[in-house]
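Structural characterization, general
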Amino acid sequence: MRLVRVLGGLLATCVLVVAEVPQDFRYRIEVLATDIPRPMELEVAPDGRVFYNDYYGRLKIFRPETREIVEAGKLTVFEEQENGFLGFAVDRDFEESQFIYLFYSPVDYVGQRLSRFKMSGDLLDLSSETMVLEFAEQRRRCCHHAGSVEFAPDGCLLISTGDNTFPGADTGGYAPIDERPDQFPIDAQKSSANTHDLRGKILRIRPLLDGSYEIPDGNLFPKDGSGGRPEIFVMGCRNPWRMSVDQETGIVYWGEVGPDAGGDSERGPRGYDEINQA
């Protein structure tokens with residue numbers, strides 16, 4: 001009899017829980033902006049403004065109080081081979097500093113650049129650019145530049161970088177290793193497998209007020225650069241295209257675009273995308 005009463009009580013509890021499930025009409029889709037050419041990242045500022053960028057260099061702002069979209073500014077970027085305006089992050093002290101960090105492919109340097117700018121209201125002050133970090137790449141052949149930028153809860157800034165390697169050619173979409181002379185565009189040993197190269201990595205730095213940065217504790221290599229670049233937090237990446245940092249735990253999650261191998265073969269399994277954490 002006691003068992004029946006217990007089961008009856010549990011059943012009543014379950015019925016009560018089911019009855020309290022909220023109705024789905026509490027949620028609705030509302031279109032805020034359309035016709036965005038190749039949007040890349042989105043950040044919500046502390047005052048509620050929604051910042052977003054596109055591949056071609058534009059930084060735009062959606063103002064929720066007026067539902068107006070304004071163009072904050074436009075970078076001049078190299079747009080070929082998956083290069084462009086790749087990502088950005090607003091400063092953790094944005095209300096006070098008005099700093100914003102942009103990661104893009106400049107036309108005056110063959111590589112990628114992370115720069116700090118200052119916002120003036122809704123305008124990006126292009127004259128305020130302070131270059132924080134840049135690294136060279138090859139632009140002889142496509143691809144893989146990643147380019148997601150995120151702040152961690154401890155104030156560190158993380159930047160994802162691609163292996164800058166052409167995925168096809170004689171490798172057939174499998175591991176891009178080619179040691180023949182002058183074949184470095186299709187050999188990822190130059191980048192993601194190279195401890196002294198910033199490509200094919202997730203970098204982790206702590207920005208300073210003067211526009212420079214310091215190396216936080218916990219990266220892969222010693223701060224003196226022995227063994228590898230001290231900015232490296234994760235290495236061996238192919239194209240960590242988009243990244244997110246859990247603001248409670250500091251855990252980093254990124255989407256890894258997988259190899260182009262279209263099927264299983266004697267060379268190995270087909271390519272698969274991954275979701276990773278560190």
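To keep things clear, this report deals only with the structure shown in the data block. For clarity, every value in this text was computed on a predicted model and none was experimentally measured.

Thoughts on the overall build of the protein
Each helix and strand counted, the protein has 2 helices and 16 strands in total. Based on the C-alpha atoms only, the size of the protein along its principal axes is roughly 80 × 55 × 40 Å. Out of the 278 residues in the protein, the part that is buried amounts to 46%. Long-range contacts, defined here as pairs at least 24 residues apart, represent 52% of the contacts in the protein between residues at least 6 apart. A total of about 14,800 Å² of accessible surface is found on the protein, and carbon and sulfur atoms cover 54% of it. The protein carries 30 positive and 46 negative side-chain charges, and their two centres are separated by 3 Å.

Observations regarding the state of the cysteines
The final tally for this structure, using the stated rule, is 1 disulfide. A sulfur-sulfur separation of 1.5 Å characterises the disulfide bridge that pairs Cys142 with Cys143. When the S-S torsion is 105 degrees, as for the bridge of Cys142 with Cys143, the disulfide is right-handed. Cys143 carries the same exposure label as Cys142, and that label is buried. You can see Cys156 has no disulfide; the closest cysteine sulfur is in Cys237, sitting 17 Å from it. The thiol of Cys237 is unpaired, and the distance to the nearest cysteine sulfur, on Cys143, comes to 17 Å.

Structural notes on the side chain of Gln112
With respect to the element layout, Gln112 can be found in strand β7 (residues 111-120). Of note is the side chain of Gln112, whose polar atom sits 2.7 Å from the side chain of Ser105. In this structure the side chain of Gln112 is engaged in a polar contact, spanning 2.8 Å, whose partner is the side chain of Glu137. Excluding its chain neighbours within four sequence positions, the residues that come into contact with Gln112 are Asn83, Leu86, Phe103, Tyr104, Ser105, Pro106, Leu133, Glu134, Phe135, Glu137 and His145.

A few points about the pattern of salt bridges
The full count for this structure, using the stated rule, is 18 salt bridges. A salt bridge links Asp54 to Arg58, with the nearest nitrogen and oxygen atoms 2.9 Å apart. Judged by its relative accessible area of 2%, Asp54 is buried. The salt bridge involving Asp260 is made with Arg238; its shortest N-O contact spans 3.4 Å. In this pair, Asp260 sits in the loop between β15 (252-256) and β16 (274-277) while Arg238 sits in the loop between β13 (232-235) and β14 (240-245), placing the two residues 22 residues apart along the sequence. The class for Asp260 is partly exposed, based on a relative accessible area of 46%. Note on Arg238: relative accessible area 12%, which makes it buried. Overlapping salt bridges, with partners in common, bring together Asp47, Arg49, Arg63, Glu65 and Asp122 in one network.

Quick look at the side chain of Asn239
Counting through the fold element by element, Asn239 comes out in the loop between β13 and β14. Accessibility expressed as a relative area gives 4% for Asn239, which makes it buried. Looking at Asn239, its side chain comes within polar contact range of the main-chain nitrogen of Ala146, at 2.9 Å. When neighbours within four sequence positions are excluded, Asn239 is seen to be in contact with Glu82, His144, His145, Ala146, Gly162, Gly255, Glu256 and Val257.

Conventions we followed
- Residues numbered from 1 in each chain as written.
- Predicted model: local features only at pLDDT ≥ 70, side-chain atom pairs only at ≥ 80, totals over all residues.
- Heavy atoms only, no water.
- Helix = DSSP H or I, 4+ residues; strand = E, 2+ residues; numbered from the N terminus.
- Buried < 20%, exposed > 50% of the residue type's maximum accessible area, 1.4 Å probe, protein only.
- Contact = heavy atoms within 4.5 Å.
- Areas by Shrake-Rupley, 256 points an atom, 1.4 Å probe, with all protein chains shown as cover.
- Lys, Arg positive; Asp, Glu negative; His and termini not counted.
- Charge placed at Lys NZ, Arg CZ, Asp CG, Glu CD.
- Disulfide = S-S within 2.5 Å.
- Polar contact = N/O pair within 3.5 Å; in protein donor to acceptor, adjacent residues only side chain to side chain.
- Salt bridge = Lys/Arg side-chain N within 4 Å of Asp/Glu carboxyl O.

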